[in-house]
Amino acid sequence: MAEDFTLQEVLSDADAYYAAGAARGAVELLLQGWEQFEAAGMDSAVEAVQLALARICHAYWVKRDFAAGAQITAMVVSAALARARRTVEPGFAAVYAQAVAATGTSPFPLRRIFRHQNLIRLFSRVCADVSGEVAECGCARGLSFMELCLSFRKDHPDWAGEGFHVFDSFQGLSEPGKKDLAFVASDADRAQTARNMLPGNFAVAFELVRENIHREFPRAELHPGWIPSAFPAVAGRSFSFVHLDVDLYQPTLDSLDYFFPRLAGGGAIVTDDYNWPGARAAFDEFCAAHGLQLQATDTSQAFVLKS
Ligand SMILES: C[S@@+](CC[C@H](N)C(=O)[O-])C[C@H]1O[C@@H](n2cnc3c(N)ncnc32)[C@H](O)[C@@H]1O
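Residues numbered from 1 in each chain as written. Predicted model: local features only at pLDDT ≥ 70, side-chain atom pairs only at ≥ 80, totals over all residues.

## Quick notes on the overall build of the protein
Working step 1: Of regular secondary structure, the protein possesses 11 helices and 7 strands.
Working step 2: Computed over the C-alpha atoms, the radius of gyration of the protein is 20 Å, within 12% of the 19 Å expected from 2.2 N^0.38 for a compact globule of 307 residues.
Working step 3: Here the C-alpha coordinates of the protein stretch approximately 60 × 50 × 30 Å along the principal axes.
Working step 4: Residues classed as buried in the protein amount to 40% of the 307 residues present. (Helix = DSSP H or I, 4+ residues; strand = E, 2+ residues; numbered from the N terminus. Rg over C-alpha atoms; globule rule 2.2 N^0.38 Å. Buried ≥ 20, exposed ≤ 12 C-beta atoms within 10 Å, placed from the backbone.)

## Overview of the pairing of strand E2 (residues 164-168)
In regular strands, side chains alternate between the two faces of the sheet.
Working step 1: Burial analysis of E2 places 5 of its 5 residues in the buried class, which makes it a mostly covered element.
Working step 2: Where burial is concerned, the two faces of E2 agree: the one with Phe164, Val166 and Asp168 and the one with His165 and Phe167 are both buried.
Working step 3: Relative to E2, strand E1 (residues 133-137) runs parallel, the two sharing 4 bridges. Along E2, the bridge assignment pairs valine 134 with phenylalanine 164.
Working step 4: You can see the chain leave E1, run along helix H7 (residues 143-155) and come back into E2, and the turn it takes is right-handed.
Working step 5: Inspection of the sheet shows E2 paired to strand E3 (residues 221-224) by 4 bridges, in the parallel sense. If you follow phenylalanine 167 over to E3, its bridge partner there is histidine 223. (Pairing = 2+ DSSP bridges. Right-handed = clockwise from strand over helix to strand, strands pointing away.)

## What to know about the domain arrangement of the protein
Working step 1: The domains assigned to the protein are domain 1 (1-106) and domain 2 (109-307).
Working step 2: Of note, the centres of domain 1 and domain 2, computed from C-alpha atoms alone, are 28 Å apart.
Working step 3: Every contact between the two is made by 15 residues of domain 1 and, on the other side, 15 residues of domain 2.
Working step 4: The set of elements that each furnish at least two residues to the side of domain 1 that touches domain 2 consists of helix H4 (66-83) and helix H5 (90-103).
Working step 5: It is H5 that contributes the most residues to the side of domain 1 that touches domain 2, 8 residues altogether.
Working step 6: Residues of the side of domain 1 that touches domain 2, tallied by class, amount to 10 nonpolar, 4 polar and 1 charged. (Domains from an automatic or database assignment. Contact = placed C-beta atoms within 7 Å. Nonpolar A, V, L, I, M, F, W, Y, C, P; charged D, E, K, R; others polar.)

## Points about the site of the ligand
Working step 1: Surveying the vicinity of the ligand reveals 20 residues, the closest of which are Gly138, Ala140, Ser144, Ser169 and Pro251.
Working step 2: Residues that form the shell around the ligand fall into these classes: 11 nonpolar, 5 polar and 4 charged. (Near = placed C-beta within 6 Å.)

## Overview of the sheet that holds strand E6 (residues 295-296)
Working step 1: Taken together, the 7 strands give an open sheet; going across it, the order is E3-E2-E1-E4-E5-E7-E6, and neighbouring strands pair in mixed fashion. In this open sheet, the two strands that pair with only one neighbour each are E3 and E6.

## Observations regarding helix H2 (residues 23-39)
Working step 1: Between its first and last C-alpha, H2 extends 24 Å over 17 residues, near the 24 Å set by a 1.5 Å rise per residue.
Working step 2: Looking at the packing, one finds that the buried side of H2 touches helix H1 (7-19), helix H3 (43-62) and H4.
Working step 3: Directly after H2, the chain includes glycine 41, whose backbone phi takes a positive value near 70°. (Expected span 1.5 Å × (residues − 1).)

## Observations concerning the environment of alanine 160
Working step 1: Of note, alanine 160 is situated in the loop between H7 and E2.
Working step 2: Counting along the chain gives 59 residues from alanine 160 to arginine 219, while the straight-line C-alpha distance between them is 5.5 Å.
Working step 3: For alanine 160, the residues in contact, after removing those within four places along its chain, are Phe217, Pro218 and Arg219.

## Observations regarding the nonpolar core
Working step 1: Among the nonpolar cores identified, the biggest contains 83 residues, and Val27, Leu30, Ile56 and Ile269 are the most heavily contacted of them.
Working step 2: Of the domains in this structure, domain 1 (1-106) and domain 2 (109-307) are the two that each give at least three residues to this core. (Core = buried A, V, L, I, M, F, W, Y, C linked by C-beta atoms within 7 Å.)

## Focus on the environment of alanine 302
Working step 1: Note on placement: alanine 302 falls in strand E7 (residues 302-305).
Working step 2: Note: C-alpha distance between alanine 302 and serine 240 (62 residues apart in sequence) is 16 Å.
Working step 3: Beyond its immediate stretch of four places on either side in the chain, alanine 302 contacts Thr271, Tyr274, Phe283, Leu294, Gln295 and Ala296.

## Structural notes on the packing of H5 against helix H6 (residues 111-129)
Working step 1: Interhelical geometry of H5 versus H6 gives an angle of 110° and a closest axis separation of 11 Å. Comparing their axes, H6 and H5 come out roughly perpendicular. Crossing hand, H5 versus H6: right-handed. Along the contact surface, H5 presents Phe92, Val95 and Tyr96, while H6 presents Ile113, His116, Gln117 and Ile120. (Axes fitted to C-alpha atoms, helices over the stretch in contact; angles between N-to-C directions. Parallel < 35°, antiparallel > 145°, perpendicular 65-115°, else oblique. Left-handed = near helix turned anticlockwise from the far one by under 90°.)

## Re unusual backbone geometry
Working step 1: Across the junction of phenylalanine 108 and proline 109, the peptide omega takes the value 5°, indicating a cis bond.
Working step 2: Among the secondary structure elements, proline 109 is positioned in the loop between H5 and H6.
Working step 3: The omega angle of the peptide bond from isoleucine 227 to proline 228 is 15°, so this bond is cis rather than trans.
Working step 4: Here proline 228 is to be found in the loop between E3 and strand E4 (239-244).
Working step 5: In this model, phenylalanine 202 sits at a positive phi of 75°, which is unusual for a non-glycine residue.
Working step 6: Positionally, phenylalanine 202 belongs in the loop between helix H8 (190-196) and helix H9 (206-216).

Next up, the structure:
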């Protein structure tokens, strides 16, 4: 920007561009505002700009214009990565933008992209060698599940979701227990995690998620219900890869108890939540009880491979 603008000016000019059909212009303006406010240390203005960017991306999901939504999301994500001086693999960046646009999820917080890149790396490695079905416990709007599906389809162009399962209450988190609240001093995101740990948080309507997923992958199976009540729907199946993202102790432990015995040799179970006290305790306890070696990532996940 040639001169400094106020947050109000940036937001209302971006609104005007967007209303006139110039979404890219609106995004460029917001990105310039981001740069200016970040340089001035105005954190809350940067957050307001990110929110405005997320709303533009979301508007494409509302219009069901997923191709244009993926393009604008890719533009936002790439600018955010550049601001953070970070990169991800180009193939994954495209999958991420497509999945964000297809599920109407916010592209922020940016740190999520690094976690999901690790998830997809592990998934691709395991699925190249191991056959079996795939399950995710905890899907919210379907973002990480969509990434798994889109990545799998790269190597299986005619595949329509067969053998992929989602388990979710579609009523958000259950009640946290004592182990969920057992934070330790080194938990960097303690305050944020505690704020997120509310019963019902992350609830998304079943119909909305089903539409998100079935639009691209009509044969993927969604199993609504509190974990572990819906697990018997997949009794007798063998799994190559299971992604746990249910945040809390009890559903994480119940998922490990159910899926680990049903994991094929070479298969993996990964939790997204190794930075949440309850999920971490469940993973640690399960691995200790079964003599398993867990591996933690630098993106707050942990996984275990079946030998
Ligand atoms: C953090 S969100 C999942 C995010 C998702 N994987 C993504 O990539 O966007 C946690 C999900 O776990 C589900 N969940 C939490 N506790 C559960 C339980 N006890 N039974 C079933 N689902 C549960 C919530 O409904 C929510 O959708």
